[in-house]
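Listed below, chain by chain, are the residues.
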Amino acid sequence: MGLFSRNSDAMMAVDISSASVKLVELGKTRSGYQLKAMAVAPLPRDVIVENEIIDSTTVSRTLKDVIEIARPESKNVVFSVSGNALIIKTVAMPMMSELELEAQIQFEADEHVPYDMADVYLDFQILGPSEDGAEMDVVLVACKRDVINAYQQVIQEAGLTAKCVDCAVFAVENAAAALADERYGTLAGNGEDEPEVHVHALANIGANLINMNILHDDNMAFVRDQFFGGNQLTQEIQDAHGVGFQVAEQMKLENFSGVDVVAVDNYFNLLGDELIRTLDFYAVKHADFPVQKIFLSGGGALVPGTAAQIEERLGIETKILNPFSRIKAESHQFDADYIQHIGPMMMVPVGLALRSFDQ
Ligand SMILES: Nc1ncnc2c1ncn2[C@@H]1O[C@H](COP(=O)(O)OP(=O)(O)OP(=O)(O)O)[C@@H](O)[C@H]1O
Ligand SMILES: [Mg+2]
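Cut-offs used in this document
- Residues numbered from 1 in each chain as written.
- Chains lettered and ligands numbered in written order.
- Predicted model: local features only at pLDDT ≥ 70, side-chain atom pairs only at ≥ 80, totals over all residues.
- Heavy atoms only, no water.
- Helix = DSSP H or I, 4+ residues; strand = E, 2+ residues; numbered from the N terminus.
- Rg over C-alpha atoms; globule rule 2.2 N^0.38 Å.
- Buried < 20%, exposed > 50% of the residue type's maximum accessible area, 1.4 Å probe, protein only.
- Contact = heavy atoms within 4.5 Å.
- Lys, Arg positive; Asp, Glu negative; His and termini not counted.
- Charge placed at Lys NZ, Arg CZ, Asp CG, Glu CD.
- Near = heavy atom within 4 Å.
- Polar contact = N/O pair within 3.5 Å; in protein donor to acceptor, adjacent residues only side chain to side chain.
- Areas by Shrake-Rupley, 256 points an atom, 1.4 Å probe, with all protein chains shown as cover.
- Nonpolar A, V, L, I, M, F, W, Y, C, P; charged D, E, K, R; others polar.
- Domains from an automatic or database assignment.
- Pairing = 2+ DSSP bridges.
- Axes fitted to C-alpha atoms, helices over the stretch in contact; angles between N-to-C directions.
- Core = buried A, V, L, I, M, F, W, Y, C linked by side-chain atoms within 4.5 Å.
- Phe/Tyr/Trp six-rings, centres within 6.5 Å; stacked < 30°, edge-to-face > 60°.
- Parallel < 35°, antiparallel > 145°, perpendicular 65-115°, else oblique.
- Buried area = accessible area lost by both parts, 1.4 Å probe.
- Salt bridge = Lys/Arg side-chain N within 4 Å of Asp/Glu carboxyl O.

Trainee: What should I look at first to understand the overall build of the chain in this one?
Mentor: Regarding its fold elements, the chain presents 11 helices and 15 strands. For 359 residues, the compact-globule estimate of 2.2 N^0.38 gives 21 Å, and the C-alpha radius of gyration of the chain, at 20 Å, lies within 12% of that figure. Its C-alpha atoms give the chain principal-axis dimensions of roughly 60 × 50 × 45 Å. Residue burial in the chain is summarised as follows: out of 359 residues, 52% are buried. Across the chain, the fraction of contacts at a sequence separation of at least 24, relative to all contacts at a separation of at least 6, is 68%. Treating the 25 positive side-chain charges of the chain as one cloud and the 53 negative ones as another, the clouds have centres 7 Å apart.

This is the structure:
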């Protein structure tokens, strides 16, 4: 079960994250992708902490719940990993075939991955010739075995078969490339004032982390999972209103206009600082390629005003991506308004579900 291995099985996507378990199953027709099954079920706090499963019984029960609600056709699962257990690095290596690289990769990884090689699953993908043309760029991915095994186990306990695993940050990229709406398409530009290289950032803001991916002309240049997310806003609401997590979370989702404006402003300040820090970090190696546009997704993008606030604080045009703008959903099966509303939060599972159609 490789991280990048091509796949042609029909699979449902399961995104087991800290705030919820999300399920998406897609079909492909001649006119494009179609939503076949979808469900989201919340997870109590502390069931998944820093992307490690703490309470596997609750996770597999919640997984069974989403299966019950969504009734997907397939029993095969593609799931995602993110956070500290995952190391993603682009390295320059001498030109060689994929087969040769397979024999070499362990030694190369040993230099870049701070974990014992016996404790990680390794995978790689050849990107192409490096900038100077003499070598080739290779994306190296290492993920802790015990983390992947824990995900596989809850999937098995729910009566399903884990077929494929991907990095959440790549799932976002996949969804953006395949499905993003017209606004994303405008990246290609209209010929006037065309920058030589289009540089854009995909920031998927979850409950506890941001999957950040910066692309140069659609090629991955920088990835990072940083610990910050919607939970920070919940915390600000807790502090401002003197309420517990659950009540604050509910206020955020159901009565946002009643939330203390200073709490919201604090959150946007921290979010802005966090993103600026990441862009600064990116600029260390890529000073000549400043980010021209930011595309947001994740539940954190549903906080009213987020795109405008980021645009203002970073001075970079910022838009929200909705993968469902290009996926057909039958109105007798799905509530169109609901689908459009939660769309940005479904980027990871949609990107994972697209793996069913790998060529
Ligand atoms: N309508 C909404 N308005 C404001 N915030 C929202 C809304 N819907 C979801 N959120 C927030 O988005 C976050 C959940 O987003 P998401 O589902 O992308 O995270 P996750 O994948 O479970 O978490 P992570 O990947 O960080 O572990 C929560 O903090 C939640 O409060
Ligand atoms: Mg997530």
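Trainee: Would you take a moment to explain the site of ligand 1 for this structure?
Mentor: Looking at ligand 1, there are 22 residues lining it, with S18, K22, N208, E249 and K252 nearest. Between ligand 1 and the protein, one listed contact pairs an oxygen atom with a side-chain N or O atom of N208 at 2.7 Å. The contact in question runs from an oxygen atom of ligand 1 to an N or O atom on the backbone of G299, over 2.9 Å. Against a free-state accessible area of 650 Å², the protein chains account for coverage of 92% of ligand 1. Mapped by element, the contributors of at least two residues to the shell around ligand 1 are β2 (20-29), α6 (230-241) and α7 (245-254). Across the shell around ligand 1, the residue classes break down as eight nonpolar, 11 polar and three charged. When residues of the shell around ligand 1 are sorted by domain, at least three fall in each of domain 1 (1-85 + 145-179 + 323-359) and domain 2 (182-321).

Trainee: Help me understand the sheet that holds strand β13 (residues 219-226), please; the structure alone is not making it clear to me.
Mentor: What links the strands of a sheet is backbone hydrogen bonding, and the strands pair in either a parallel or an antiparallel sense. Read from one edge to the other, the open sheet built from five strands follows the order β13-β12-β11-β14-β15, with strand pairing classed as mixed. The open sheet terminates on both sides in strands that have one partner only, identified here as β13 and β15 (317-320). Each strand of the sheet is rotated relative to its neighbour by a mean of 20°, with strand direction disregarded. In this structure, strand β11 (residues 199-205) lies alongside strand β12 (residues 210-216), joined through seven bridges in antiparallel fashion. Counted as the bridge partner of A203 is M212 from β12. The sheet contacts of helix α4 (residues 168-179) involve β11, β12, β13 and β14 (293-297), and relative to β12 the element is tilted by about 55°.

Trainee: Got a minute to help me understand the pairing of β12 in this structure?
Mentor: Residues in a regular strand project their side chains so that they alternate between the two faces of the sheet. Burial runs high along β12: seven of the seven residues are buried. Side chains I210, M212, I214 and H216 of β12 all project onto a buried face; the interleaved residues N211, N213 and L215 project onto the opposite face, where all are buried too. Where β11 folds back onto β12 in an antiparallel hairpin, the turn is made up of four residues.

Trainee: I'm lost on the nonpolar core in this one. Help?
Mentor: The nonpolar side chains of a soluble globular protein tend to be buried, and buried together. Counting 40 residues, the largest nonpolar core has F79, V81, I88 and F170 as the members making the most contacts within it. Apart from residues no more than four positions distant in its own chain, I88 is found in contact with V139, L140, V141, C167, V169, F170, M220 and V223. Counting 32 residues, the second largest nonpolar core, distinct from the first, contains Y33, L35, L179 and F334.

Trainee: Is there a simple way to think about the packing of aromatic side chains in this case?
Mentor: Any aromatic ring pair is given by two values, namely how distant the centres are and how the planes are angled relative to each other. Scanning the model with the defined rule gives six aromatic pairs in all. Judged by centre distance (6.1 Å) and plane angle (70°), the rings of F222 and F281 are edge-to-face. With F222 in strand β13 and F281 in helix α8 (residues 261-286), the pair connects residues that are 59 residues apart, well separated along the chain. Under the relative-accessibility criterion, F222 is labelled buried at 12%. Between F222 and Y282, the aromatic rings sit 5.6 Å apart at their centres with planes inclined by 80°, giving edge-to-face as the arrangement. Linking F222 in strand β13 with Y282 in helix α8, this pair joins segments that are 60 residues apart in sequence. As far as the burial class goes, F222 and Y282 line up, both buried. One aromatic cluster is present, formed by F222, F281 and Y282 through successive ring pairs.

Trainee: Is there a simple way to think about the packing of α6 against α7 in this case?
Mentor: Working note: a packed helix pair is described by the angle between its axes plus the distance between those axes. Running from N to C, α6 and α7 point in directions that differ by 110°, and their axes come no closer than 8 Å. It follows from the interaxial angle that α6 and α7 lie roughly perpendicular. The residues of α7 that touch α6, namely those facing G230, N231, L233, T234, I237, Q238 and H241, are F245, A248, E249, M251 and K252. Here the residues of the contact of α6 with α7 are counted per class, giving five nonpolar, five polar and two charged.

Trainee: When you look at the domain arrangement of the chain in this model, what are you seeing that I'm missing?
Mentor: According to the domain assignment, the chain contains domain 1 (1-85 + 145-179 + 323-359) and domain 2 (182-321). Between the C-alpha centres of domain 1 and domain 2 there is a distance of 22 Å. At the interface, 23 residues of domain 1 touch 23 residues of domain 2. Ranking the residues of domain 1 by area buried against domain 2 places R45, V169 and P344 at the top, with a combined share of 28%. Scanning the region where domain 1 abuts domain 2 turns up zero salt bridges. Between domain 1 and domain 2 we count four residue pairs in polar contact (both at pLDDT 80 or more) in total. With seven residues, the top contributor of residues to the side of domain 1 that touches domain 2 is α4. A breakdown of the residues in the side of domain 1 that touches domain 2 according to their chemical character gives 13 nonpolar, six polar and four charged.

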